[in-house]
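The primary structure of each chain is shown beneath.
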Amino acid sequence: MIVTEGLSKSFGDFLAVDGVTLHIRAGEVLALLGPNGAGKTTTVRMLTSILSPTHGWARVAGYDVVTQANEVRAAVGILTEQHGLYSRMPGDEYLDFFGQLYGLDASLRQKRINQLFGLFGLQATRNQRIGEYSKGMRQKLALARAMLHDPPVLLLDEPTSAMDPESARLVRDSIHELRSAERAIVICTHNLAEAEELADQIAIIRHGKIIVRGSPNYLKHSLLGAAEYEVKLAVSLNGNSPNLPTGAQLTSLGSDWFRFQVNQPEMINPQLLATLLNDGFPIISLHEVPRSLEQLYLQAIQAPDESNRSHA
Amino acid sequence: MKAIGRMLNQLRPALVITRREVRDQFRDWRIIIPIIVLTLVFPWLMNFTARQLVNFVESYGAPIIGDRLIPFLLMIVGFFPISISLVIALESFVGEKERHSIEPLISSPLRNWQLYFGKLLASLAPPLLAAYLGICVYLVGVYRQVGWLPDMMLLIQILALTAVQSLVMVSGAVVISSQTTSTRAANLLASFIIIPMVLLIQAESIIMFWGNYAVLWWAIFGQIIIAILLIRTGVAHFNREELLGREFDTINIRWAWAKFSSAFVGNAKSPLDWIVHEIPKSFRRLITPVILVTFILILATIIGATQASRFQLPIDTFNLENLGAGFLEGLDEIRFFSIGSIGTIWLHNLRVLALATLLGIFSFAVLGIIVLMLPMMLIGYFTATVASAGISPWLFLTAFVLPHGVLEIPAIIIAGAAVLRMGAILAAPSKNTTIGEAWLNALSDWSRVMVAIVLPLLLAAAALEVFITPQMAIIIFGN
């Protein structure tokens, strides 16, 4: 659905995006993460054919972003960082206006507008001027605009910002549904928990370059090392290190617990449990230590600039 | 029929934009109230003024002033509401950019011209409608008060004039709006529209009081040409990327100088290399404008010649048969034959070229070329005048024009071509370059040909004019 190869964009001497290569299939969500000014918005604008690449190429929904710009724009639904709504317009008129721009006929427009107002709980305010909408309602309306023409590709910049938890859940559920409906989705976000929940692929961009890309699990493994487990014992270790089988490496130690890293948990963990029991340590629990995307993100962003790490 | 259907189909998205914008305008009291005032209150005020003035001038036995005043006020009543179109058009793109609503709009599958045309029409329609309503109100009032009805042709002229004035202002303002990054900057640049429009209204007022209404057609025709050029400029340089990407309106003098100087020097390694290799490149880019300017100057000469029978000079003005030593002595007395005269003539010609360039920059080269046409019109006029006095026009040209004109006229043609290119570049699309870069390139070509060709040619022409032309005149027309 979205394929880019060495996509770059310069503004004068400033290289905003540097050789971005992405492959996003239908039914896949890519979370594009990175600090402010890293090149996320510029990348998205190239994928919408608003900016033309200086180097490289991109195809969106099968169309070239340079030579088939209008087809690309028709195939993309975009939620911009600034919603850019017309405050004097009522909500339904706003969606109707964009429906006309996207060439939807009157009956389809009405159907889609009703669906989306229903989906986002905006039915009661559809005739109100947008200027009277709350922040969250505006965000929902902007999202409805992006989804109005049922595009195969969605580019969403901070889709749940300014939303209350309930509305944010609603939007995340909608994104899950869109993924199930085989849409290709790119989300630019600073909300790492949301990215972790939604994304099949994560790409972290810094200084215009994708520095890491892959599934959340792959990235955690490759950046943070082997999975870490914690064992909780019913007795105190009295400062002694437990006897671990080969392949397990002790990482931290408490009075009645310890953590270890292991590359092949399915092989090593049963051996470790047997050893502990043999050594007379009754076990309360064994669980994987959850590793947040935040750890991964910070590690990637703070790492010195080096060649990209990626996994398709 | 199919073509019309296709065209209407393509026009539809533009009309969607227009409809939204017009609705939005009618929701804004800051636009509604001035429109109502200028549509209803202002024509009423003009009615009152007309009535009072007609009574006043009639009491002094000068009814002609009243007769001319009523049509003049008709034009003014039409003009005031369309002035709002300038305000609307100025913020059409840049206002959306400031409110961040431009990105969703330019992300939609609209073609550039559809977006541009939709905005243009939206800025034009409500004020123009208000202007026509105002004209109706004024006409009804004037008819009821003094029983005056306009001649049908005059009414058509006023309606057309109001429409083209609005179109010129709107098309100019939309160009500004799409090329600036803030409404403030757009408002500041609006003086480039307001000042010429004020001058134009003054000229049209003179025409209205003169009463020669046929001249209004020329004003309408001229403004249609300007509007077409402005629309062409706007569409040619409309660029989604720049609309979104440009953040500041700062003038980067260092960047501009670097661009200009690198284009001016080119790949030359020495002055000789520059003259041998770079100047021909610039000249090649000017070939089409050179042909055009040559044609225009020939036309100007012919126009000048045709005016000789219309504006005749007394028959003894050209007493060339008695040209003799006294002619040279007279010139010598005023120290014509000196290096200083060369400088004076050279500087005079430079002033003319500077004026042509300056005017050309602000008028798509039109006014610049008109300035260069004037001397050729004079040559044509005087040549035809001496011909009517029984003197050979060829001998006249050989004696008074050709000796220095052989260098001066090519210099004027080349300079005119460079001015034409600078003006035309604004109305032509420039691929992969911004409007500023394209214009700087044209300016560098202008500078190159001025330095390397035009100025030396004019200097040599001035020397010939001082030392050779008078001698040639004596040889041909002397005793």
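Cut-off values and rules
- Residues numbered from 1 in each chain as written.
- Chains lettered and ligands numbered in written order.
- Predicted model: local features only at pLDDT ≥ 70, side-chain atom pairs only at ≥ 80, totals over all residues.
- Contact = placed C-beta atoms within 7 Å.
- Helix = DSSP H or I, 4+ residues; strand = E, 2+ residues; numbered from the N terminus.
- Nonpolar A, V, L, I, M, F, W, Y, C, P; charged D, E, K, R; others polar.
- Pairing = 2+ DSSP bridges.
- Axes fitted to C-alpha atoms, helices over the stretch in contact; angles between N-to-C directions.
- Buried ≥ 20, exposed ≤ 12 C-beta atoms within 10 Å, placed from the backbone.
- Core = buried A, V, L, I, M, F, W, Y, C linked by C-beta atoms within 7 Å.

*Asks:* Help me get a handle on the interface of chain A and chain B, residues and values and all.
*Replies:* Taken together, the contact pairs 22 residues of chain A with 22 residues of chain B. Contributions of two or more residues to the side of chain A that touches chain B are made by α2 (69-75) and α3 (91-101) of chain A. A breakdown of the residues in the side of chain A that touches chain B according to their chemical character gives 12 nonpolar, 7 polar and 3 charged.

*Asks:* Before we move on, can you summarise the sheet that holds strand β11 (residues 227-233) of chain A with the specific residues and values?
*Replies:* All names here are of chain A. In space, the 4 strands of this open sheet follow the order β12-β13-β11-β14, with antiparallel pairing throughout. Because the sheet does not close on itself, it has two edges, and the strands there are β12 (248-253) and β14 (283-288). In this sheet, neighbouring strand axes are inclined to one another by 25° on average, regardless of whether the strands run parallel or antiparallel. Sheet topology places β12 next to strand β13 (residues 257-262); 5 bridges connect them, and they run antiparallel. Among the inter-strand pairings, Gln-249 is bridged to a residue of β13, identified as Gln-261. Packed on one face of the sheet, helix α9 (residues 265-278) meets β11, β12, β13 and β14 and runs near 165° to β14.

*Asks:* Now, about the sheet that holds strand β4 (residues 55-60) of chain A: what can you tell me, with residues and values included?
*Replies:* Residue and element names in this part refer to chain A. Reading across the sheet, the 4 strands line up as β2-β1-β4-β5 and stay open at both edges, with antiparallel pairing between neighbours. In this open sheet, the two strands that pair with only one neighbour each are β2 (14-24) and β5 (63-64). Where strand β1 (residues 2-11) lies against β4, 5 bridges are found, and the strand directions are antiparallel. Residue Ile-2 lies in a different strand from β4, and its bridge partner there is Val-60. Seen against the sheet, helix α1 (residues 40-47) touches β1, β2 and β4 and runs at an angle of roughly 120° to β1.

*Asks:* Lay out unusual backbone geometry with the relevant residues and their values.
*Replies:* Unusually for a residue other than glycine, His-207 of chain A sits at a positive phi of about 50°. Tracing the backbone shows His-207 of chain A in the loop between β9 (201-206) and β10 (209-214). Taking the C-beta count within 10 Å as the criterion, His-207 of chain A has 15 such neighbours and is therefore assigned partly exposed. With a phi angle near 65°, His-100 of chain B is a residue other than glycine that sits in the positive phi range.

*Asks:* Lay out the nonpolar core with the relevant residues and their values.
*Replies:* If you look at soluble globular proteins, the nonpolar side chains tend to sit buried side by side. By size, the foremost hydrophobic cluster in this structure holds 196 residues, and its most contacted members are Ala-31, Val-60 and Ile-187 of chain A together with Ala-173 and Ile-414 of chain B. Counting 8 residues, the second largest nonpolar core, distinct from the first, contains Val-231, Ala-248, Phe-258 and Phe-260 of chain A.

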